[in-house]
Each structure stands twice: as C-alpha cells, then as structure tokens.
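Okay, here's what each chain looks like letter by letter:
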Amino acid sequence: MDFNLKKLTSDAGVFFTRAVQFTEEKLGSAEKTELDAHLENLIARADCTKNWTEKIFRQTEVLLQPNPSARIEEFFYEKLDKKIPSRTTNGELLGQYMLDAAKDFGPGTPYGSTLITVGEYQSRLGGAEREFLQTSAINFLTPLRNFLEGDWRTISKERRLLENRRLDLDICKARVKKAKQAEAKAACEGDAEPDFQETRPRNYVLSASASALWSEEVDKAEQELRVAQTEFDRQAEVTRLLLEGISSTHVNHLRCLHEFVEAQATYYAQCHQYMQELQKELSSANSDTYPNSFASNANPSTSATCPSPVSSATLPGVSPPCLASTSTPGIAREPSGPLKIQDVQQPSTGHRKAKVLYDYDAHDTSELSLLADELITVYTVPGMDPDWLVGERGNQKGKVPVTYLELLS
C-alpha cells in the first residue's frame, strides 16, 4: 500500500511538471526539441491514414447495415467475443411474406402463383445480399478494423512514449543550462553558497566550495542529458519504423478494396440475372392473360422512339413519354392498315376537348402532329387501341397518343 501511494504521488508530480512544461512551450518560454522533418511527415501521413480509414470504415458499416440498432448489437457481440447471430435479410423476409400470402390466396390463382414466383426470387436476392454482406465484412471491414484497433493503437502508444522522452530530454537540457549559468555565477561571486532550488535538492558537503559543487552538478546534469538523449533517439527510431509500416498498410487496404469491389460486382450481377429470369417467367406465365406485360423487356431487340424535345411552353422538369416503335411487340400501337382515318366520322356524342402537353411529330399519314399547349377535339372509335385517340384540328384529322394529352371536361 505504501509503495502504491508513493507511485501515485510520483506520477502526480510528473503529470504536474509536464503540464507546466507544455504550458511554457505554448507560451514560448521553454525550449522544445523539434522532431526531424522526415519523422514529422510520417506522423502527418499516419494521422491522415487513420482519419480516412476510420471514416471509410464507419460509412461502409452504414452501407452494409443501415439499421443503427443492428450495428450496435453487432458491436456488443464483437466486444464480448461472441458469434453474431444470423439475421434474415429484408429480401428473404419479403419473399417469405409473399409465399405465405400465396398460400392464403390460393396457389392456383393467377395472383397466388405469381406471388410464389416473385417470392422465390426475392428469397434468392436476399440470399445473394447475405453472401455479399458476409464477404464484405471478412475481406474489407475486418482488415480496416484490425488496423484501427491493432496497428494504430501500437503506433499511438509508441508516439506517446516518444513525446514523454522528448519532454524528459527538454527537462534535462533546461537543467544543464541552469546548472551552467549557476556555475558561471558562482565563479564570479567566489565561494558563495549555491542555490539548490535552481536545479534540484541534493545532499552536498556544504564545506566544499560553491564552484566545485556547481561543477559536480553540471557533470551529473550532462550525464542525465546523455541518457535522456539516448532514450529519445531509440524511441524515435522505434516510432519511425512503425510509421514507415503505413505504406504496407496502404498496400493491404488496396488489395482489400479490390476484393470489396469484386464482391459488389458479383452481387449486382446476381441481382441483375435473377431479375431478368423473373421477368421472363412472368412474361411467359402472363402472356395469355396480359399479352403486353414485360414484352418489351423479354425482347432485347426492342427499340424505343421518343418524340422531339419539349418546347418551352411545356411544364418545367417534365419530360414527354417515350412511345415504342411499330416493330415493338407487346406495346400496343395501332397499325395504319386496318384503320383508315379518312373514313372515320366524328360521333355525335363522346367527343371532348383536350390540351396538348408536348410536341409530337406524326410517324405516318394516319397520325396527327401536335404542338404543345394547343387545343384539339378528340374521340375514340370502336376497335381502336385504348392508348390512342382520334384527334381533329380544323380540317386535319389523325391518331394522337393519349399520354400527350390532358383531357378537359
């Protein structure tokens, strides 16, 4: 107990002395040993590496697990050195809900069978996500965490030791300086009694001359200075070697970054493949009931034709819709053959006014070109595709797309 009390007292005295020394260095009243430029650059580079690695690590955690509660739970499991329990992904949970709903609605119904198909693919997407999360955690997050919690802590510890050695060295330099000043003063004043408070109290033989006492004090202070300098140089070398290892850390993190990108590419490729397969299955299953569903995606050769740019009279931020070309299967566009616009007569009832939203250029003689903001008369005829209407403007008549119009009451 006595030993601990003495150690506590000693540590408190050292802490107070260094606090005073830090303050004097900030005020410029105390000497400060500067590190060499190479070591300063290594320290700055290490600090930059630590800061950005920490930011990248935290944001990657958010990317892989957006739920903060789940991240906190995983953090505690890691600190307790316990295995993190398996967690169902959102895709897997959605897929299970769809499969359960299909059982209630009836697997034989169109809606139930489609729910089963989509639910199975959602489960596959969730499984791909799970594999991506696990791969990214092992190949990317773990190396970054090992650096922050392992290598960086070692570097920080050695840097603190280096700072303490520097402070000890500066104290010894100040002691030597004061001792030499006191020795010179004693030599000028003769056999004056030394002021022991200027350096540190020691048990000297008071009968000796003041000059001899100060000479002995200078010798001891210089010896302590040499020891402090040796310890400082040794610690500076240890710290320098650790800081130079940051270059190998960059190489390791570069490799991990490539693996992370590879995992992302694999995950997104799997998702794209699953969605393409799902679209094909839905297109095939619903072709009888919904002949237009997913047809444009099932045929990769489909080309789309967009109208000319919207004029300045159209609403800002609104782009005109695209219409599929006449060769696109599944996108209903009235062929020019069966319907002769010239023979169509305006019905006595059922016609109404419409405002044109976008400019539209007719693709053949059966269509009517439109200008934004103009008013035309529109009506439908039996057998005509519901996406199209017959429009009249004066003596001009032709088919017009519904999506380019705002029907007025």
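What comes next is a walk through the structure. Everything numeric here is computed off the predicted structure, so don't read it as measured data. (Residues numbered from 1 in each chain as written. Predicted model: local features only at pLDDT ≥ 70, side-chain atom pairs only at ≥ 80, totals over all residues. Heavy atoms only, no water.)

### Re a nonpolar patch on the surface
Consideration 1: There is a patch of nonpolar side chains on the surface, built from Leu254, Leu257 and Val261 and spanning about 250 Å² of accessible area.
Consideration 2: The topology assignment puts Leu257 in helix H7 (residues 246-285). (Patch = residues over 30% accessible without salt bridge, like charges linked within 9 Å, V, L, I, M, F, W, Y side chains within 5 Å. Areas by Shrake-Rupley, 256 points an atom, 1.4 Å probe, with all protein chains shown as cover. Salt bridge = Lys/Arg side-chain N within 4 Å of Asp/Glu carboxyl O. Helix = DSSP H or I, 4+ residues; strand = E, 2+ residues; numbered from the N terminus.)

### Here's the deal with the pairing of strand E5 (residues 388-393)
Consideration 1: Most of E5 sits inside the fold, with five of its six residues counted as buried.
Consideration 2: For strand E4 (residues 375-379) and E5, the ladder comprises three bridges, and the chain directions are antiparallel. Considered in E5, the bridge of Thr377 is made with Glu392.
Consideration 3: Across six bridges, E5 lies against strand E6 (residues 396-401) in antiparallel orientation. Pairing of Glu392 across the sheet is with Lys397, part of E6. (Buried < 20%, exposed > 50% of the residue type's maximum accessible area, 1.4 Å probe, protein only. Pairing = 2+ DSSP bridges.)

### Quick notes on the sheet that holds E5
Consideration 1: Here five strands make up an open sheet; going across it, the order is E6-E5-E4-E3-E7 and the pairing antiparallel. Edge strands, defined here as strands with exactly one partner in the open sheet, are E6 and strand E7 (405-407). With strand direction ignored, the average angle separating the axes of adjacent strands in the sheet is 40°. (Axes fitted to C-alpha atoms, helices over the stretch in contact; angles between N-to-C directions.)

### Description of the environment of Lys353
Consideration 1: As for its position among the elements, Lys353 is in strand E3 (residues 352-356).
Consideration 2: Sequence separation of Lys353 and Tyr379 is 26 residues, and the distance between their C-alpha atoms is 8.8 Å.
Consideration 3: Excluding residues within four positions of it along the chain, Lys353 makes contact with Ile376, Thr377, Leu407 and Leu408.
Consideration 4: One polar contact links Lys353 to Thr377, side chain to side chain, over a distance of 3.1 Å. (Contact = heavy atoms within 4.5 Å. Polar contact = N/O pair within 3.5 Å; in protein donor to acceptor, adjacent residues only side chain to side chain.)

### Thoughts on the nonpolar core
Where a protein is soluble and globular, its nonpolar side chains tend to be buried together.
Consideration 1: Of all hydrophobic cores here, the largest spans 40 residues; its most connected members are Leu39, Phe132 and Leu243.
Consideration 2: Secondary-structure elements contributing two or more residues to this core are helix H2 (37-64), helix H4 (90-105), helix H5 (110-189), helix H6 (210-244) and H7.
Consideration 3: If one sorts the elements of this core by residue count, H5 sits on top with 17 residues.
Consideration 4: Residue contacts for Phe132: discarding those within four places in its chain leaves Leu64, Phe260, Ala263, Gln264 and Tyr267.
Consideration 5: Ala354, Val356, Leu370 and Leu389 belong to the second largest nonpolar core, which has 17 residues in total. (Core = buried A, V, L, I, M, F, W, Y, C linked by side-chain atoms within 4.5 Å.)

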